[in-house]
Amino acid sequence: MTTPQEDFLRSFHAARPAVTVRAMAHGRAEDGRSSYEILRDRVAACRRVLDLGCGDGLLLELLAVRGPGAGRAASALAGLDLSPEELALARRRPCLGGADLRLGRAQQLPFPDGWFDGCVSHMALMLMSDAERVAAEVARVLAPGGTLAVVVGGGAAGGEAYETFLRLAKPRFEAAPEGERIPPLGDRRLRTREGFDEVFGPAGFGPVEWETVRIDLTGSPERVWATVGGIYDLGPLDPAVTAELRGRFEAETAASALPDGRIPCAMRVHIATAVRQDGGPRGGQMPGAPGGQGPAPR
């Protein structure tokens with residue numbers, strides 16, 4: 001049984017498959033890596049990796065074809081997502097022919113205890129409800145010593161197009177009628193170091209390693225709109241309001257265009273990494289959390 005939030009996410013991604021990859025895959029940190037590549041490198045030593053909210057499979061592809069310096073390719077890959085449309089795109093990637101791609105919820109993972117030594121999630125964990133249950137399930141399927149590495153959004157970098165978009169969009173989102181607003185998504189605690197530890201510590205994870213990275217998303221006006229226009233709040237908004245917002249946004253950001261016509265745009269992301277500790281959850285298994293052996297991977 002899904003929640004209204006999950007129903008919204010499924011509908012949004014059905015209409016806009018690969019929206020997150022289109023928005024972020026071209027972005028680069030100061031060291032030249034994308035946020036996906038940074039996450040890949042956090043589990044470089046892992047051989048059996050699960051991607052929660054795998055979307056169209058880009059991160060799994062990076063894990064499958066790791067290059068020099070990125071560790072050996074994983075021997076077993078699995079991905080879970082709410083969206084059939086996203087998973088259909090993932091299955092088209094030739095290098096993922098052997099990956100175990102499943103439709104499902106992170107609150108009830110269809111994998112055996114201790115099956116993975118790595119778990120990643122790019123811009124998805126922060127959207128999940130019932131965060132304690134998700135943490136308990138991730139702890140269950142990770143072997144002791146396994147690594148959890150996630151990317152969560154950190155907001156606008158400041159002084160660029162993403163900040164301009166949020167300034168222009170906020171009053172329009174607030175003025176939208178109830179039927180054009182998105183439901184509350186995820187758990188805000190997962191966007192801070194302290195909150196992450198509060199959720200994942202009791203599930204059996206050590207203290208989180210937390211790093212904030214600036215991702216440069218500068219590009220053509222069309223590419224920058226694809227980045228900021230991928231925000232969930234635009235999904236149910238009246239198309240006329242969205243068109244008016246885009247016009248205002250492009251008019252304002254044109255003034256900041258670089259000599260080559262590109263628009264400066266950047267956002268911050270937080271990279272959270274935590275290790276599954278030996279033993280069970282602190283204080284015992286979470287009530288209602290699945291235990292024992294689940295169905296074996298396909």
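Visitor: What is the right way to look at empty space enclosed by the protein in this model?
Guide: As enumerated under the stated definition, the model contains 1 cavity of 30 Å³ or more in all. Considering only enclosed or pocket space, the largest cavity measures out at about 500 Å³ in volume. Surrounding the largest cavity, 34 residues form its lining, Gly 53, Cys 54, Asp 81, Ala 124 and Leu 127 being those nearest its centre. Listed by contribution, the elements that provide at least two residues to the lining of the largest cavity are α1 (4-15), α2 (19-24), β1 (48-52), α4 (58-64) and β2 (76-81).

Visitor: Just checking my understanding: could you explain the packing of helix α7 (residues 161-175) against helix α10 (residues 239-254) for this structure?
Guide: Two packed helices can be described by the angle between their axes and the distance between those axes. Viewed as axis vectors pointing N to C, α7 and α10 meet at an angle of 145 degrees, and their least axial separation amounts to 10 Å. In this structure, α7 crosses over α10, and the sense of that crossing is right-handed. Here Ala 161, Thr 164, Phe 165, Arg 167, Leu 168, Ala 169 and Arg 172 of α7 lie close against α10, whose contacting residues are Val 241, Glu 244, Leu 245, Arg 248, Phe 249, Glu 252 and Thr 253. Taken together, the residues of the contact of α7 with α10 break down into 7 nonpolar, 2 polar and 5 charged.

Visitor: So what exactly am I meant to see when it comes to the layout of surface pockets here?
Guide: In this approach, a probe sized like a water molecule rolls over the atoms, and the result shows the empty space that is left. Its boundaries defined by the atoms lining it, the largest pocket holds a volume of some 950 Å³. Lining the largest pocket are 30 residues, with Tyr 162, Arg 191, Ile 231, Tyr 232 and Asp 233 positioned closest to its centre. Taken together, the elements giving at least two residues each to the lining of the largest pocket come down to α2, β5 (142-156), α7, α9 (221-228) and β7 (266-275). In terms of residues, the lining of the largest pocket owes the most to one element, α7, which gives 5 residues. Looking at side-chain class alone, the lining of the largest pocket contains 17 nonpolar, 8 polar and 5 charged residues.

Visitor: Looking at this structure, how should I read the side chain of His 122?
Guide: Tracing the sequence through the fold places His 122 in strand β4 (residues 116-122). Note on His 122: relative accessible area 6%, which makes it buried. One polar contact links His 122 to Ser 35, side chain to side chain, over a distance of 2.8 Å.

Visitor: Mind showing me how you'd approach the nonpolar core here?
Guide: Among soluble globular proteins, nonpolar side chains are generally buried collectively. In terms of nonpolar packing, the biggest core is built from 91 residues, with Leu 50, Leu 52, Leu 148, Phe 165, Phe 196, Phe 200 and Phe 205 touching the most fellow members. The element that contributes the greatest number of residues to this core is β5, accounting for 7 residues. In this view, Leu 50 contacts Ala 78, Gly 79, Leu 80, Leu 109, Phe 111, Phe 116, Gly 118, Cys 119, Val 120 and Val 141; residues no more than four positions away in its chain are not counted.

Visitor: Hey, could you run me through the packing of aromatic side chains in this one?
Guide: The geometry of two aromatic rings is summed up by the distance between their centres and the angle between their planes. Using the criterion set out here, one finds 10 aromatic pairs in the structure. On the numbers, 5.5 Å between centres and 80 degrees between planes, the contact of Phe 200 with Phe 205 is edge-to-face. As far as burial versus exposure is concerned, Phe 200 and Phe 205 are alike and both buried. Each ring, one from Trp 225 and one from Phe 249, has its centre 5.7 Å from the other, and the planes form 50 degrees; the classification is tilted. Of this pair, Trp 225 sits in helix α9 while Phe 249 sits in helix α10, and the two are 24 residues apart along the sequence.

The rules behind each value
Residues numbered from 1 in each chain as written. Predicted model: local features only at pLDDT ≥ 70, side-chain atom pairs only at ≥ 80, totals over all residues. Heavy atoms only, no water. 1 Å grid on protein atoms, 1.4 Å probe; cavity = no way out; pocket = protein on both sides within 12 Å on 5 of 7 lines; lining within 4 Å. Points joined across faces, edges and corners; volume = space filled by probe spheres on them. Helix = DSSP H or I, 4+ residues; strand = E, 2+ residues; numbered from the N terminus. Axes fitted to C-alpha atoms, helices over the stretch in contact; angles between N-to-C directions. Left-handed = near helix turned anticlockwise from the far one by under 90°. Contact = heavy atoms within 4.5 Å. Nonpolar A, V, L, I, M, F, W, Y, C, P; charged D, E, K, R; others polar. Buried < 20%, exposed > 50% of the residue type's maximum accessible area, 1.4 Å probe, protein only. Polar contact = N/O pair within 3.5 Å; in protein donor to acceptor, adjacent residues only side chain to side chain. Core = buried A, V, L, I, M, F, W, Y, C linked by side-chain atoms within 4.5 Å. Phe/Tyr/Trp six-rings, centres within 6.5 Å; stacked < 30°, edge-to-face > 60°.

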